[in-house]
Amino acid sequence: MTTMIKVEGATKTFTMSYQRSLKQLVLAKARGRKTHDTFNAVDDVSFTVQEGEAVGLMGLNGSGKSTLLKLVSGVMRPDSGSVLTRGRIAGLIATGAGFDPQLTGRDNLFLNAAILGMSRAETLRKLDEIVDFADLGKFLDTEVAYYSSGMKARLGFSVAINVDADIFIADEALAVGDRPFKRKCKKKMDEIVKSGVTMFYVSHAPGSVRNLCDRLLVLEHGRLGFDGDVDEGIAYLEYDDDDDEERGRARSDDGLGADI
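Residues numbered from 1 in each chain as written. Predicted model: local features only at pLDDT ≥ 70, side-chain atom pairs only at ≥ 80, totals over all residues. Heavy atoms only, no water.

Some points on the packing of aromatic side chains
Inspection of every chain in the model, using the stated rule, returns 7 aromatic pairs. Ring geometry for Phe 133 versus Phe 157: centroids 6.1 Å apart, planes at 25°, classification stacked. Taken together, the residues span a long stretch of sequence, with Phe 133 in helix 4 (residues 120-134) and Phe 157 in helix 5 (residues 149-161) at a distance of 24 residues. There is no split in this pair, since Phe 133 and Phe 157 are both buried. Relative to Phe 168, the ring of Phe 157 has its centre 6.5 Å away and its plane inclined at 75°; by these criteria the two rings are edge-to-face. (Phe/Tyr/Trp six-rings, centres within 6.5 Å; stacked < 30°, edge-to-face > 60°. Helix = DSSP H or I, 4+ residues; strand = E, 2+ residues; numbered from the N terminus. Buried < 20%, exposed > 50% of the residue type's maximum accessible area, 1.4 Å probe, protein only.)

Rendered as structure tokens:
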């Protein structure tokens, strides 16, 4: 079986400053106070992902999930260790990432597609699919500066989902937008998983991880605390109660016709 993602001893370190201005920095140094500190957002993490696997990544806020995803996508490089991937990577790391607020949605569509490695000819070939999926209507030719976060999510996800990729990554891609759009995204991501594309999916929602993934990684303070079965990983995080409440709210909303 082909290895699509190989992470070996990856560590990413950031510096945290305690002073916001030059004056505060000078005063702190003069008084012998600490001016900064470092921390490992990702700390000596190792794992491999095989072709066709759908791997979920969970953890509490600040555990290093998004940083790890950026290392895998190539947006960042590890300070030590290695992160190797095979083939074209596409996906959604952050809502509206790479958008120019002064350009229209249509212009940003082509810009985002180019960033994800699509040629202009490929984008033109898939333009109708992207536009139909985003369903922005007349707002497609409006400057993105006037878009809501949900509209940016629609456009960003619509472009990413139409890239012919070997690895699809998503960071809370379904967290923004109305429920009908979330359902459409979920259906499309199900199709991607069934097609055999390797998926790396970060989420706080146990339900979507259960439905999409066949393996779960759990990060704790930047370190890999769990790697294995999805249900066991969710239990390890003690997320089940929250998920039950979420499903209960969804059933209640459906009963009220919230999507009409």
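Text resumes after the structure shown.
Details of the confidence of the model for the chain
For the chain, per-residue confidence averages 83 on the pLDDT scale, and residues scoring 70 or more make up 83% of the total. Taken together, the stretch residues 241-260 has pLDDT below 50 and engages in 15 contacts with residues farther than four places along the chain or on a different chain. (pLDDT = per-residue confidence, 0-100. Contact = heavy atoms within 4.5 Å.)

Observations regarding helix 5
Turn by turn, an α-helix covers 3.6 residues, leaving residues three or four places apart pointing in a common direction. Its 13 residues place the ends of helix 5 18 Å apart at the C-alpha level, agreeing with the 18 Å of an ideal helix rising 1.5 Å per residue. Across the 13 residues that make up helix 5, a large majority, 11, are buried. Turning to helix 5, the residues buried within the fold contact strand 5 (89-92), helix 3 (105-115), helix 4, strand 6 (167-171) and helix 6 (179-194). (Expected span 1.5 Å × (residues − 1).)

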